[in-house]
Amino acid sequence: MEQQPAHSIAQLVQPARVHRSLYTDPQIFELELKHIFGTAWIYVGHESQVRNVGDYFCTMLGRKAVIVVRDASGKLQVIHNQCAHRGAMVVASDKGHTDEFQCCYHGWTYHLDGRLKAIPLLHGYPADFNPKSGKTAMTQVARVMSYRGFIFVSEAADGPSLEEALNHMTTSIDDMVDRAPDGDIEVAGGTFRHVYNGNWKLYLENLCDAAHPWFTHRSSIDAAQQQKDDVLSDGSGEIAIRQMRQNGAPYSFWESQVGIWTYPNGHSYLGDYHDDSKLVAAMNDPVFRDYIGMLEAKKGKAEARRILEVSRWNSNVYPNLSFMSQFQQLRVIHPIAVNRTEVHTYCFKLRGAPERMFQNTISFANIVNGTGSLVLTDDLEIYNRIGIGLSSEGADWIEIGRGYQSDGPADHGGRQGKNSTSEIYIRNMFDAWLSYMTGTPASAALRQGAA
Amino acid sequence: MSASAASSTTVDGGAPWRRADCEDFLVHEARLLDEAQFDAWLALFTPDAQYWVPSEPNQQTPHHTVSLIYDDRRLLETRVRRLASPRIYSQEPRSRTSRIVANVTLEESSPDYAIVRSKFMMIEFRRNEQRLFGGTCFHRLVRYDGALCIRLKRVDLVNCDAPLDGLVVPF
Ligand code: FES
Ligand SMILES: [Fe+2]
C-alpha cells in the first residue's frame, strides 16, 4: 500500500462506523506506532517496581525496548535498551538492581541515566570523539512523568503534560491508590502475559463491553451457575465462581445498574450507577469488613466512605492501559504487529490492608486475567476470531453505533452512554485515534462525540 | 471404576508404594485427558483436591502469586463442567491432544500418600495450529476408597512465564 495521506486516513473513520483496514493494514499499524505510541503518554510501569536507586525493569514502548530505572539522584529515567557503540541490547534481565549498565560486547559502561561512564581503549577513537556528548550516551525517552506512582512516558518532546492528557482519569488512579489504608500501593504477585492474533485496539474495546458476557462467557456462566456451593473451596474458587455468575447478569442489569463514561483523549470507565456491592459482593466478606475497619482507622470514617463509594469497574487510559480498583488489577497492552498483541497483567497490594485481601486479589486475577481462566480464554478466542473475521475482504465497514443517538454529556468534559451497553467508549477511542493519526486537535477530529 | 483403580486395589492401605503402579496411574490419567473423558479425569481427584499450574518457575504458593491455573475442588468441578458445554467457544473447534508421560520417579512416600514426579510432553492441535507443551508434574497421590486418587497435581511448564494464548484443555 502507498503512504496514506492524512485525508484518506480520516475517511476510514466515519460517524458510528470504521473501516476494517484499521485493524488489518500493516501500514496503518506502522503509522499508529509513530503517531500514537510514538507521541501519546504511554504507561510503562509503577514506581513500586523501582523503589530504590539502581532498581530497574525492562519493557516495550511500542516495538522499542526500554529500561525504566531510578538513577543515582533518585529520578526516574526511561532509556532505550541499545548500546551507543554498535547497538547491542545492554540489559538482558527483565528486572534487577545495578550500579551501572555495562554492554557485554566491548564493555562500554553507562551511568543509570544512560550517560557514558567508562570506555575501554578510549585512545583508539577519533580525535573528535566525545564521551560526554549525547552521541555516546544511551538514548533517553523524551519525557517521563508519573502520577501518584503510575509512570508514563511520551516520545514527543512537547505536548500536553501527563495530567492534562489524563484529564478526569486522574480520579481513577486516585481510586486505585486511595484504597490503601497506608496510602501506598505496590506491584506484587507476578504477571500474566497473553497473546492473540488480533489488533491491539480490540483489547480496550472489549474491556468496557457490557454486551458481550452474556454470549461470550456463556459456557463459564452456565458451569458456575450449576456449581454446588457445598463443595470444598479455599476461597479462590468461591471468588472465581462469584465472578462468573456475575457475568451472567441479565441485560436489564447492564441497562439499569451500570454506566459508561468517556473523556477526551480516548479514556473511559465502566462503573456502577449506585454502589460498590454488586460486582464483588464484598460487603458480606469478612476480609473486606476487616479492611474497611483498617481504612477507617487510618483515614477516618467519612474519608473511608468517600473512597469506597467510588464505584468504577474497568478504567481505560488510551492507548495502552486498563485497571480496576476493586480487586487491584492492571493490564498493559503491547502492540506487536497489526494482527498480534501481547497483554501483560499485574496485581497491586494495598499497603496496610489485611494480608488475606491480597489473596483475594490473586484469586480474582486468576479468573479475570489468567491465561488458563475459564473466562479470559473465551475473550482470547473472540480476539482471535475478530482477527480472522476482519482479515477477510468480504465486508469493509464495521459498526460501532450502538447508543450513538442516545449518548449525552457528562461532568468534567466527558460524555456518557445512556447505559453501559453503549459503544460510546469505542467511538471515543476513535476520536482520539483520528486526532493522533491526523495531527488535528481532538475537537476538530470529532466524528463520534459530536452531539 | 477404571483400569488404574483396579490395579491399584492390589496396594492395601499401609502397603509400600510401587513406582510402577504410580506410572500406570499417570499413563491412565493422560489417556483420559487425550480422549477428552474429563468427567472420568475429575473422578481421579479427591474431594479436597487442588490442581495447580504455576505462572513462575519454583513458585512457592498459589495464594500470593498468580497461577496459569489454580483450582480448588469447587473450581475444578466448574472447569470440567464447562469443558462439556456446547458453547465453550474457545473449544470450537475442539483441541486434539497427544501426551507422553515419562521419567516417573517416586519422590516421597508414607503410608498415607506418595509424591510422584514425572515429565510430560503434550502436543495440542487446534484450528490449524500445533502447540507443544512440556514440563514436570508432581502428583500427590493418596489411597481413597481403595483406589489411587490425586490430592494435588502440580504442573510446571518449562515456558510457564512465556506469552501464551489461552490454555483450555487441562495438562
Ligand atoms: S556494542 Fe556495546 S560496547 Fe560495543
Ligand atoms: Fe469478556
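Residues numbered from 1 in each chain as written. Chains lettered and ligands numbered in written order. Predicted model: local features only at pLDDT ≥ 70, side-chain atom pairs only at ≥ 80, totals over all residues. Heavy atoms only, no water.

Draft legend 1. Quick look at the overall build of chain B. Per the secondary structure count, chain B includes four helices and six strands. Relative to its length of 171 residues, chain B is compact, with a C-alpha radius of gyration of 16 Å against a globular reference of 16 Å. For chain B, the residues scored as buried account for 54% of the 171 residues in total. Excluding contacts between residues fewer than 6 apart, the proportion of contacts in chain B whose partners are at least 24 apart in sequence is 57%. On chain B, roughly 7,500 Å² of surface is accessible, and the fraction owed to carbon and sulfur atoms is 51%. (Helix = DSSP H or I, 4+ residues; strand = E, 2+ residues; numbered from the N terminus. Rg over C-alpha atoms; globule rule 2.2 N^0.38 Å. Buried < 20%, exposed > 50% of the residue type's maximum accessible area, 1.4 Å probe, protein only. Contact = heavy atoms within 4.5 Å. Areas by Shrake-Rupley, 256 points an atom, 1.4 Å probe, with all protein chains shown as cover.)

Draft legend 2. Quick look at the packing of helix H8 (residues 236–247) of chain A against helix H4 (residues 73–83) of chain B. It is the contact of H8(A) with H4(B), at a shortest axis distance of 7 Å, that shows an interaxial angle of 40°. In this view, H8(A) runs oblique relative to H4(B), as classed from their interaxial angle. The crossing of H8(A) and H4(B) is left-handed. Two secondary-structure elements touch here, H8(A) through Gly237(A), Glu238(A), Ala240(A), Ile241(A) and Met244(A) and H4(B) through Arg74(B), Leu75(B) and Thr78(B). Of the residues contributing to the contact of H8(A) with H4(B), the split by class is four nonpolar, two polar and two charged. (Axes fitted to C-alpha atoms, helices over the stretch in contact; angles between N-to-C directions. Parallel < 35°, antiparallel > 145°, perpendicular 65-115°, else oblique. Left-handed = near helix turned anticlockwise from the far one by under 90°. Nonpolar A, V, L, I, M, F, W, Y, C, P; charged D, E, K, R; others polar.)

Draft legend 3. View of H8(A). All names here are of chain A. Spanning 12 residues, H8 covers 17 Å between terminal C-alpha atoms, matching the ideal 16 Å at 1.5 Å per step. Burial analysis of H8 places nine of its 12 residues in the buried class, the great majority of the element. Three or more residues of H8 are buried, namely Ser 236, Gly 237, Ile 239, Ala 240, Ile 241, Gln 243, Met 244, Gln 246 and Asn 247. (Expected span 1.5 Å × (residues − 1).)

Draft legend 4. Structural view of a nonpolar patch on the surface. Residues Ile100(B), Met121(B), Ile123(B) and Leu132(B) make up a contiguous nonpolar surface patch of about 390 Å² in total accessible area. In this fold, Ile123(B) is placed in strand S4 (residues 113–126). (Patch = residues over 30% accessible without salt bridge, like charges linked within 9 Å, V, L, I, M, F, W, Y side chains within 5 Å. Salt bridge = Lys/Arg side-chain N within 4 Å of Asp/Glu carboxyl O.)

Draft legend 5. Focus on the sheet that holds strand S4 (residues 55–61) of chain A. Residues and elements named next belong to chain A. Read across the sheet, four strands follow the order S6-S5-S4-S7 without closing on themselves; strand pairing throughout is antiparallel. Every interior strand has two partners, whereas the edge strands, strand S6 (76–80) and strand S7 (95–97), have only one. The sheet shows a mean angle of 25° between the axes of neighbouring strands, direction not considered. Here strand S5 (residues 64–70) pairs with S6 via five bridges, running antiparallel. Among the inter-strand pairings, Val 68 is bridged to a residue of S6, identified as Val 78. (Pairing = 2+ DSSP bridges.)

Draft legend 6. Examining unusual backbone geometry more closely. In this model, Tyr318(A) is joined to Pro319(A) through a cis peptide bond whose omega is 10°. Going from Glu92(B) to Pro93(B), the amide bond is cis rather than trans, its omega being 5°. Mapped onto the fold, Pro93(B) is located in the loop between H4 and strand S3 (96–109). Despite not being glycine, Leu121(A) shows a phi value in the positive range, around 60°. Here Leu121(A) falls in the exposed class, since its relative accessible area comes to 64%.

Draft legend 7. Focus on the coordination of the iron ion (ligand 2). Residue and element names in this part refer to chain A. Distances from the iron ion (ligand 2) to its protein donors, namely His 212 (NE2), His 217 (NE2), Asp 379 (OD) and Asp 379 (OD), fall within the range 2.0 to 2.6 Å. Coordination at the iron ion (ligand 2) comes from four donor atoms whose angles at the metal span 54 to 153°, giving a geometry best classed as irregular. We note that the donor set of the iron ion (ligand 2) lies within a single chain, spaced as H-x4-H-x161-D. (Donors = N, O, S within 2.8 Å, 3.2 Å for Na, K, Ca; no water. Tetrahedral: all angles 85-135°; square planar, octahedral: opposite > 155°, others 65-115°.)

Draft legend 8. Spatial organisation of the domain arrangement of chain A. All names here are of chain A. Examined at the domain level, chain A breaks down into domain 1 (42–147) and domain 2 (167–450). The centre of domain 1, based on its C-alpha atoms, is set 34 Å off from the matching centre of domain 2. Taken together, the contacts link 11 residues of domain 1 with 18 residues of domain 2. Both sides together, the interface formed by domain 1 and domain 2 hides about 1,100 Å², and carbon and sulfur atoms give 58% of it. On the domain 1 side of the contact with domain 2, Tyr 43, Arg 51 and Tyr 147 bury the most area, a combined 51% of that side's loss. (Domains from an automatic or database assignment. Buried area = accessible area lost by both parts, 1.4 Å probe.)

Draft legend 9. Fine view of empty space enclosed by the protein. Residue and element names in this part refer to chain A. By the definition in use, this model includes eight cavities of 30 Å³ or more. Looking at the largest cavity, its volume works out to about 410 Å³. For the largest cavity, the lining is made up of 25 residues, of which Leu 207, Gln 243, Asn 247, Asn 314 and Arg 331 are closest to its centre. For the lining of the largest cavity, the elements supplying multiple residues, two or more each, are helix H5 (201–207), H8, strand S16 (312–317), strand S18 (329–337), helix H13 (355–369) and helix H14 (376–391). Class assignment for the residues of the lining of the largest cavity results in 15 nonpolar, seven polar and three charged. (1 Å grid on protein atoms, 1.4 Å probe; cavity = no way out; pocket = protein on both sides within 12 Å on 5 of 7 lines; lining within 4 Å. Points joined across faces, edges and corners; volume = space filled by probe spheres on them.)

Draft legend 10. Spotlight on the confidence of the model for chain B. Residues and elements named next belong to chain B. Looking at chain B as a whole, its pLDDT mean stands at 93, while 92% of the residues score no less than 70. Here residues 1–11 is a poorly scored stretch, pLDDT under 50, and it has 14 contacts once near neighbours within four places are set aside; other chains count. In the predicted assembly, ipTM is 0.94 and pTM is 0.94. (pLDDT = per-residue confidence, 0-100.)

Draft legend 11. Representation of the nonpolar core in the model. Counting 59 residues, the largest nonpolar core has Leu22(A), Tyr203(A), Tyr318(A), Phe430(A) and Trp433(A) as its most contacted members. Among the elements that make up this core, the one with the highest residue count is helix H15 (residues 424–438) of chain A (nine residues). Both domains that furnish three or more residues to this core are identified here as domain 1 (42–147) and domain 2 (167–450) of chain A. If near-sequence neighbours (up to four positions away) are discounted, Leu22(A) is found in contact with Leu12(A), Val13(A), Ile28(A), Glu32(A), Asn199(A), Lys201(A), Phe430(A) and Trp433(A). Of all hydrophobic cores here, the second largest spans 45 residues; its members include Ile362(A), Trp41(B), Val53(B) and Leu83(B). (Core = buried A, V, L, I, M, F, W, Y, C linked by side-chain atoms within 4.5 Å.)

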